[in-house]
Amino acid sequence: VLSRQKLALHLEQTPLAVLELDLDFCVQSWNPAAEKIFGYTQNEISGEHISIIVPEEDWEYIESVFKNLIQEKGGVQNMNRNIAKNGDILFCEWFNTPIVNETGEMIAVFSLGQNITRRRQTEKALRINEQRYRELFDNMTSGVAVYTAIANGDGFLFKDFNQSAERITGVARDKVFGKDA
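Residue numbering note: each chain is counted from 1, following its sequence as written. pLDDT decides what is reported in this predicted model: residues at 70 or higher carry local features, side-chain atom pairs at 80 or more are listed and counted, and totals for whole chains, interfaces and linings draw on all residues regardless. Water and hydrogen atoms were dropped before computing side-chain values, which therefore reflect all heavy atoms in the structure.

Q: Just checking my understanding: could you explain the nonpolar core for this structure?
A: The nonpolar side chains of soluble globular proteins are, as a tendency, buried together. Counting 26 residues, the largest nonpolar core has Leu19, Leu21, Trp30, Phe38, Ile50, Ile53 and Phe66 as its most contacted members. Runs of H or I in DSSP of at least four residues are treated as helices and runs of E of at least two as strands, each being numbered from the N terminus. Counting only elements with at least two residues in this core, the list comes to strand S1 (17-21), strand S2 (27-30), helix H2 (32-38), helix H4 (59-72), strand S4 (89-100) and strand S5 (106-115). Here the element with the most residues in this core is H4; it accounts for five residues. What makes a nonpolar core is a set of buried Ala, Val, Leu, Ile, Met, Phe, Trp, Tyr and Cys residues whose side-chain atoms join them at distances within 4.5 Å. Type-normalised accessible area, obtained with a 1.4 Å probe on protein chains alone, sets the label of each residue: buried when under 20%, exposed when over 50%, and partly exposed for intermediate values.

Structure, rendered in structure tokens:
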């Protein structure tokens, strides 16, 4: 009994959305984190098909994830867009596990999800900044070398070398990378 109470408390307190779906992929249970992420209460979502939080154009992909889950009889991870009650599009990462009975027959699906929208936005911003840095670095008219100190303090290793440095020295970037300055 105590372990069930601990599990129930954990499901109530976790920041992950926790969903239980029947074999028709209708919501059977929905924890407070799912309410917070998607905006639907347990009463509003109970019995609804999971497609209520999936954009229509993404449903074919979600069906393939569920088919894979059924065929594999093991956990399946996926990342997809979801729709909150207020219409916001979210990116979520999901960990789906089949629930099986004593005979090994699948009777439900247990899904854990997290909203990774901010993380994806941050990753995209980092990629854009890296691309801008690379363009600026490579197109500088001055020769620039980036290097780091060797761990034992006995010199420096080249980490990068721009195109102007290649032109000025006559040495290719790939010939100096990782070499002692």
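After that view, the rundown keeps rolling.
Q: Would you explain the pairing of S1 in this entry?
A: Within a regular strand, the side chains alternate between the two sheet faces. With four of its five residues buried, S1 lies for the most part within the structure. One requirement defines pairing of two strands: DSSP has to find at least two bridges between them. Two elements, S1 and S5, share five bridges in a ladder whose sense is antiparallel. In the strand pairing of S5, Val18 is matched with Leu112. Here three bridges tie S1 to S2, and the two strands are oriented antiparallel to one another. When the bridges of S2 are listed, Glu20 appears paired with Ser29. Here S1 folds back onto S2, and the loop between the two strands holds five residues, one of which, Phe25, carries a positive phi near 60°.

Q: Would you mind going over the sheet that holds S5 with me for this structure?
A: Strand order in this open sheet of five strands is S2-S1-S5-S4-S3, and the pairing throughout is antiparallel. At either end of the open sheet lies a strand with only one pairing partner, and these are S2 and strand S3 (76-83). The sheet shows a mean angle of 30° between the axes of neighbouring strands, direction not considered. Note that S4 and S5 share nine bridges and pair antiparallel. Note that in S5 the partner of Trp94 across the bridge is Gly113. Seen against the sheet, helix H5 (residues 117-139) touches S3, S4 and S5 and runs at an angle of roughly 125° to S4. Axis lines are fitted through C-alpha atoms, for helices just across the contact stretch, and the angle between N-to-C directions can take any value from 0 to 180 degrees. Contacts were defined at the residue level, with two residues in contact if any of their heavy atoms lie within 4.5 Å.

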